[in-house]
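Architecture at a glance
Spelled out, the chains give:
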Amino acid sequence: MQDIIAQDPDTHRSMFVPIILGSDKTTVSVATGHNQYWPVYMSIGNIHNNTQRAHQNSVVLLGFLAIPKHKS
């Protein structure tokens, strides 16, 4: 695949940029009825390691996945 891209003049000086998606659970209890929210973050995979570890504009919040708590 890389040979095909390397030989194509339209893709000269282009680069693959991996997209990283992540999420973690956050429980929000104020005015939400203890719903669980899973924030979804996005980052690119080719940023410098120091920038990524310091979270200096390396992560973007895409949105929240809300999961209502079930009453049993």
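Rules of the game
- Residues numbered from 1 in each chain as written.
- Predicted model: local features only at pLDDT ≥ 70, side-chain atom pairs only at ≥ 80, totals over all residues.
- Heavy atoms only, no water.
- Helix = DSSP H or I, 4+ residues; strand = E, 2+ residues; numbered from the N terminus.
- Buried < 20%, exposed > 50% of the residue type's maximum accessible area, 1.4 Å probe, protein only.
- Contact = heavy atoms within 4.5 Å.
- Areas by Shrake-Rupley, 256 points an atom, 1.4 Å probe, with all protein chains shown as cover.
- Patch = residues over 30% accessible without salt bridge, like charges linked within 9 Å, V, L, I, M, F, W, Y side chains within 5 Å.
- Salt bridge = Lys/Arg side-chain N within 4 Å of Asp/Glu carboxyl O.
- pLDDT = per-residue confidence, 0-100.

1. Structural notes on the overall build of the chain
When its secondary structure is counted, the chain shows two helices and four strands. Within the chain, buried positions represent 7% of all 72 residues. When contacts within the chain are restricted to residue pairs at least 6 apart in sequence, those whose partners lie at least 24 apart make up 39%. Surface summary for the chain: the accessible area is close to 6400 Å², and the carbon and sulfur share equals 57%.

2. Let's talk about a nonpolar patch on the surface
Taken together, the side chains of Met15, Val17, Ile19, Leu21, Ile44, Val60 and Leu62 make up a nonpolar region of the molecular surface, amounting to roughly 670 Å² of accessible area. At the level of elements, β1 (19-23) and β4 (60-67) are the ones that each hand at least two residues to the nonpolar patch. Relative to the helices and strands, Val60 resides in strand β4.

3. Describing unusual backbone geometry
With phi around 65°, Arg13 is a residue other than glycine that occupies positive phi space. In this fold, Arg13 is placed in the loop between α1 (2-7) and β1. Judged by relative accessible area, which is 79%, Arg13 ranks as exposed.

4. Focus on the environment of Ile19
One can find Ile19 in strand β1. Taking the C-alpha atoms as reference, Ile19 lies 5.9 Å from Gly45; in sequence the two are 26 residues apart. The residues touching Ile19, leaving out its near neighbours within four places in the chain, are Met42, Ser43 and Ile44.

5. A look at the confidence of the model for the chain
Residues at a pLDDT of 70 or more form 71% of the chain, whose mean pLDDT is 76. The weakest mean pLDDT in the chain belongs to helix α2 (residues 49-54) at 64; the strongest belongs to β1 at 89.

6. Observations regarding the side chain of Ser43
You can see Ser43 is positioned in strand β3 (residues 35-44). Relative accessible area serves as the criterion here: at 9%, Ser43 is assigned to the buried category. In this structure Ser43 touches Pro18, Ile19, Ile20 and Ser58, once residues within four positions along its chain are discounted.

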